[in-house]
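Chain and residue survey
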Amino acid sequence: QVQLVESGGGLVQAGGSLRLSCAASGRTFTSYAMGWFRQAPGKEREFVAAVRWSGDSTYYADSVKGRFTISRDNAKNTVYLQMNSLKPEDTAVYYCAAGRGFFWVAGNPGTYDYWGQGTQVTVSS
């Protein structure tokens, strides 16, 4: 069982930065790949970024590539999402998720086992 708690969301002006954190409980954190997804009002949940358990492989949606960076600290059971050059279209509730296994696919929310409650990110123009 893994419990996930996101933090770090807030209101920021376009061009600004935020760092989201996702703290995980449970001894098996290091066996999970971690992902960030987001959902804007009236839209479906979409993939943002993911990192494998070792931290050596990362994946990004085209819309955030070059602006966002995902990382993890297995000693702290925490995954981060550094968001730079934020745009109004980045406004959404951001969720972290944990997944593992042969069928895990970074961008497929159906292959994640655990989800956090989400943190709101609002980017003003």
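These notes cover the structure that comes with them.

So, the pattern of salt bridges
Tallying each qualifying case throughout the model produces four salt bridges. Close ionic contact of Arg38 with Glu46 constitutes a salt bridge, the shortest N to O distance being 2.6 Å. For Arg38, a relative accessible area of 5% gives the class buried. The partner of Asp90 in a salt bridge is Arg67, with the nearest N and O atoms 2.8 Å apart. Residue Asp90 is located in the loop between β8 (78-83) and β9 (92-99), and its partner Arg67 is located in the loop between β6 (58-60) and β7 (68-73); the two are separated by 23 residues in the primary sequence. Assessed through its relative accessible area of 1%, Asp90 is described here as buried. Judged by relative accessible area, which is 11%, Arg67 ranks as buried. Ionic contacts of the salt-bridge type, sharing partners, join the residues Arg38, Glu46, Arg67 and Asp90 into one network.

Let's talk about the packing of aromatic side chains
In this description, an aromatic ring pair is defined by two values, namely the gap between the centres and the angle between the planes. Under the counting rule described, the total for this entry stands at eight aromatic pairs. Among the aromatic residues, ring-to-ring pairing joins Phe37, Phe47, Tyr59, Trp104, Tyr112 and Trp115 into one connected group. One cation-aromatic arrangement involves Arg45 over Tyr95; the distance from NZ or CZ to the ring centre is 3.9 Å. Here the basic side chain of Arg72 rests over the ring of Phe29, its NZ or CZ set 4.5 Å away from the ring centre.

What counts, and where the lines are drawn
Residues numbered from 1 in each chain as written. Predicted model: local features only at pLDDT ≥ 70, side-chain atom pairs only at ≥ 80, totals over all residues. Heavy atoms only, no water. Salt bridge = Lys/Arg side-chain N within 4 Å of Asp/Glu carboxyl O. Buried < 20%, exposed > 50% of the residue type's maximum accessible area, 1.4 Å probe, protein only. Helix = DSSP H or I, 4+ residues; strand = E, 2+ residues; numbered from the N terminus. Phe/Tyr/Trp six-rings, centres within 6.5 Å; stacked < 30°, edge-to-face > 60°. Lys NZ or Arg CZ within 6 Å of the ring centre and 35° of its normal.

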